[in-house]
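# Architecture and fold: a report
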Amino acid sequence: MITVNGLRKRFGATTALDGMTFTVQPGQVTGFVGPNGAGKSTTMRVVLGLDAADAGEALVDGHPYRALCHPLRHVGSLLDAAAVSPGRTARNHLLWLAHSQGLGPRRVDEVLDTVGLTSVARRRAGGFSLGMRQRLGIAAALLGDPPTLMLDEPFNGMDPEGIIWMRRLTRELAAGGRAVLVSSHLMSQLQDIADHVVVAGRGRVLADASVTQLLAAVSDGRVTVRSAAARAAAVLAGGGGSVTVAGDGTLVVTGLPAEAIAALLSRNGVPFSELAAHRATLEDAYLELTRDAVEYRAADPAAADPAAADPAAAAPAATPGKAL
Amino acid sequence: MNAFADTLRAEWTKFRTIRGWVIGTVAIVGVIVAFGLNPGMKGSCGTNGPGSECALPVGPGGEEVTDNFTFLHQALTGDGVVTVRLTAMTGVGLGNPDEPSHAVEPWAKAGLIVRAGTGRGSSYAAVMVTGGHGVRMQYDYTHDVAGSPGGVTAAAPRWLRLSRAGDTVTAAESVDGGRWTTVGTARPRGLPSTVEVGLFATSPQHSEELHAGLMSGAMGGPTQVTGTFDHLATRDGWTGTAWRPDVIGAPSGPAGGASGGVGPDGGALGSERAGDAIRLTGSGDIAPAVAGAGGLGVSITQTLVGTFVALILAVVVGTVFVSAEYRRGLVRTTFAASPDRSRVLAAKVTVVGGVMFVAGLAAAAATVVLGQRVLRGNGVYVHPVPAGTEVRVVVGTAALLAVAAILALGLGTLLRRGVTAVTTAVLLIVLPYLLAMTVLPGDVARWLLRVSPAAAFALQQASPEYPQVANLYTPADGYFPLAPWAGFAVLAGWAAVVLAAAAVTQRRRDA
């Protein structure tokens, strides 16, 4: 379990952390999302005792990280998959880590098997693809069989198969009772694996809620109805809904659930061809929350780039997020 | 302690699993051995058939000595006193054969001597006037006591006196033969009841440093001195007037045989008497034998010339062992695994220091033992040294490599960038040694070898430096300005300061 409480840190004139506070609970995957510069990586480095915070504290199982004797038995982490010696084999990389925790080569072979690197264990890590390095980093995180895991952008560089594997692995780890923190700048990657989401922006927590709560907060209960009948609007308004006529025979109804709308229209003999409840995605919630917190917002392409006005020369729109 | 053992084991695993570092360590052993066993040096000792071996006389203390001088002497038994007056010293120097100098060598000697015998290496006590170091009492080759300063002229002659009483010989000097001042007393080792008493004169090899542009070297040659004596007298138990001339260790004749010899200028070595006046012309020295420009042969230090190449490798491995982690960000993984950064630094120091020490020890031990044989096989005279010195040179070479690599590791931690750190370490540790060995004039070279980490090369000095023996005591000949362990302390001091700075910065800094 990780407790982050009131972390503040400045790098020169830049405020990296501005009162970051949250808790990572056991038995669930906590998503840690936010745009670039939100302070996700800095928070993780502070938790691991790598960076010192100017104020606040970060505790692992109730202790500061630096007080842990064999810390990898408490928290496993993946910060930067590229941080390996290119000349050392995957197995030897894990072996020195194991030795530092008082563990032996048998545990190394186990985690290599878990992440599926057994066949390349004796190859130099310098020749690994980013996806293989991510697996090696996961193996290192699992080495001490820790109750808490902290993975910074684990999906980066992974092929679709790897992403599926990683999602399943994180869910399994949480199902086994571990506290799992997974950071990403793409909310969509956390859609089906996170039980809880911490949304960060400008060094602060913007939202800290379960996925269910977060979706409910963004969903506004709008239902779209398509009907050619002119009296449809009157029927629905009479039934207690608030109706906006969008033209083309489309009505947007709020204040009535979709089932009630269907029953109301049928009872009054009003024909309708389409009935759709508007469901918010995690992505919507995220965009809503981080609207003001995006550090590097792409300028309106039309305004910023004259070439964009010419459809033939449309440039790919920049999106907030780390380049993959 | 258990946590340190785990960190240490992890760092050792890190070290042994990078092929380049292991190869570098093996290469350290390789270059030391290769340089030691393939010396470019050739000599003539023992290469011209039987009789050409270079054998030096051995003094009473077991050390090798030079014992060449002109001697006017007689055997006298029991206690007694001998006095003489020295009125002039003139010299011939042949450093440049075309232009012989007439200066008296600073360590040219003329005076009285009491010896156990005429054999070379006999124990003795002597009182003498020197060319440039005043009156001295010397005994048994390695001992030297200063009397009054100044030389000798016809207007200001010097009276010298040696008194024997049992095992003790007392030396005294006087300006008028009336008021005597004791210079010193000595108990030469195993002085028999009957001793050879008399006058002697000798003058050592001249040598000077030569600097021409970027090249440096030494030049020199043999010299001779002529001492003019009168009022030679014995009393208080010693009687006899049958003074016998000899040239001991004459370069062109059997030792102690002829009454004369051929001097370095082709002129006569020996003695002439004109009435009361006696002129003694001699060349050589009565002193411990030294290696170097003014002496003969080399010391065992010569076998370890490959050390500086090994040092470059040790410095590179020591630096990169830590800077490579910063380069890849691997240091975060290291500190996440072992949050006590000083413990990590201590573990790295132990691994690098231990590896380099073991490599240096193996290489130096093999090279000193085998390299001496190779040099002797090539006809080079290698001064034998006591076993303790040999062990110190071997262990010292290992310690030098180990601590230099630790210093480099500290620099790597402090500077983090491999290229910067390696450059700094080489500039700081290896370059001062190379400059001191090659192009720098003696004084600057000696200063560098006092203050820079290269001072630790003093650990490799095998032959002691005698202030009373004329020689060029240059680093290139294996003479260093600091005592062995003092030189090592300079390097250790550098390493301690840099490591302390590294430990503090690394604790404060975000990883």
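Quick caveat: nothing in here was measured; it's all calculated off a predicted structure.

### Some remarks on the confidence of the model for chain A
Residue and element names in this part refer to chain A. When pLDDT is averaged across chain A, the result is 85; 89% of the residues are at 70 or more. Averaged over each element, pLDDT in chain A is lowest for helix 10 (residues 301–304) (43) and highest for helix 2 (residues 90–100) (97). Ignoring residues within four places in sequence, the model shows residues 300–324, a span with pLDDT below 50, making 16 contacts including any to other chains.

### With respect to the side chain of Thr-43 of chain A
Residue and element names in this part refer to chain A. You can see Thr-43 is positioned in helix 1 (residues 40–47). Relative accessible area serves as the criterion here: at 1%, Thr-43 is assigned to the buried category. Apart from residues no more than four positions distant in its own chain, Thr-43 is found in contact with Val-4, Leu-7, Leu-17, Met-20, Phe-22 and Phe-32.

### Section: the pattern of salt bridges
Enumeration according to the criterion identifies 25 salt bridges over all chains in this entry. Among the salt bridges present, the one from Arg-204 of chain A reaches Asp-18 of chain A, with a minimum N-O distance of 3.0 Å. Separated by 186 residues along the polypeptide, Arg-204 of chain A in strand 9 (residues 204–210) and Asp-18 of chain A in strand 2 (residues 14–24) bring together distant segments of the chain. Residue classification places Arg-204 of chain A among the partly exposed residues on the basis of a relative accessible area of 38%. Between Asp-246 of chain B and Arg-244 of chain B there is a salt bridge whose closest N-O contact spans 3.8 Å. Residue Arg-244 of chain B is classed as partly exposed on the basis of its relative accessible area, which comes to 47%. If you follow the salt bridges from partner to partner, you end up with Glu-11, Lys-14, Glu-325 and Lys-348 of chain B in one network.

### A look at the pairing of strand 8 (residues 158–165) of chain B
Residue and element names in this part refer to chain B. Burial of strand 8 is extensive: 7 of the 8 residues sit out of reach of the surface. Alignment of strand 3 (residues 80–93) against strand 8, held across 7 bridges, turns out to be antiparallel. Looking at the pairing, Val-84 lines up with Leu-160 of strand 8. Across 7 bridges, strand 8 lies against strand 9 (residues 168–174) in antiparallel orientation. When the sheet's bridge partners are listed, Leu-160 is paired in strand 9 with Glu-173. In textbook terms, the turn of a hairpin is the stretch between consecutive antiparallel strands, and for strand 8 and strand 9 this stretch comprises 2 residues, one of which, Gly-166, has a positive phi near 65°.

### Thoughts on the layout of surface pockets
Residue and element names in this part refer to chain B. Size it by volume and the second largest pocket reaches roughly 350 Å³. Taken together, 21 residues form the lining of the second largest pocket, with Gln-302, Val-305, Tyr-433, Met-437 and Ala-476 sitting closest to its centre. The element contributing the most residues to the lining of the second largest pocket is helix 7 (residues 418–437), with 3 residues.

### Remarks on the sheet that holds strand 11 (residues 194–202) of chain B
Residue and element names in this part refer to chain B. A sheet is described by the order of its strands in space; here 7 strands give the open sequence 7-6-5-4-11-2-15, paired in antiparallel fashion. Two strands close off the open sheet at either side, each with one partner strand: strand 7 (143–146) and strand 15 (244–248). Taking the axes of each pair of neighbouring strands and ignoring which way they run, one obtains an average angle of 25° across the sheet. Pairing geometry for strand 4 (residues 109–115) and strand 11, over 7 bridges, is antiparallel. Opposite Arg-115, over in strand 11, you have Glu-196 as the bridge partner.

The rules behind the values
- Residues numbered from 1 in each chain as written.
- Chains lettered and ligands numbered in written order.
- Predicted model: local features only at pLDDT ≥ 70, side-chain atom pairs only at ≥ 80, totals over all residues.
- Heavy atoms only, no water.
- pLDDT = per-residue confidence, 0-100.
- Helix = DSSP H or I, 4+ residues; strand = E, 2+ residues; numbered from the N terminus.
- Contact = heavy atoms within 4.5 Å.
- Buried < 20%, exposed > 50% of the residue type's maximum accessible area, 1.4 Å probe, protein only.
- Salt bridge = Lys/Arg side-chain N within 4 Å of Asp/Glu carboxyl O.
- Pairing = 2+ DSSP bridges.
- 1 Å grid on protein atoms, 1.4 Å probe; cavity = no way out; pocket = protein on both sides within 12 Å on 5 of 7 lines; lining within 4 Å.
- Points joined across faces, edges and corners; volume = space filled by probe spheres on them.
- Axes fitted to C-alpha atoms, helices over the stretch in contact; angles between N-to-C directions.

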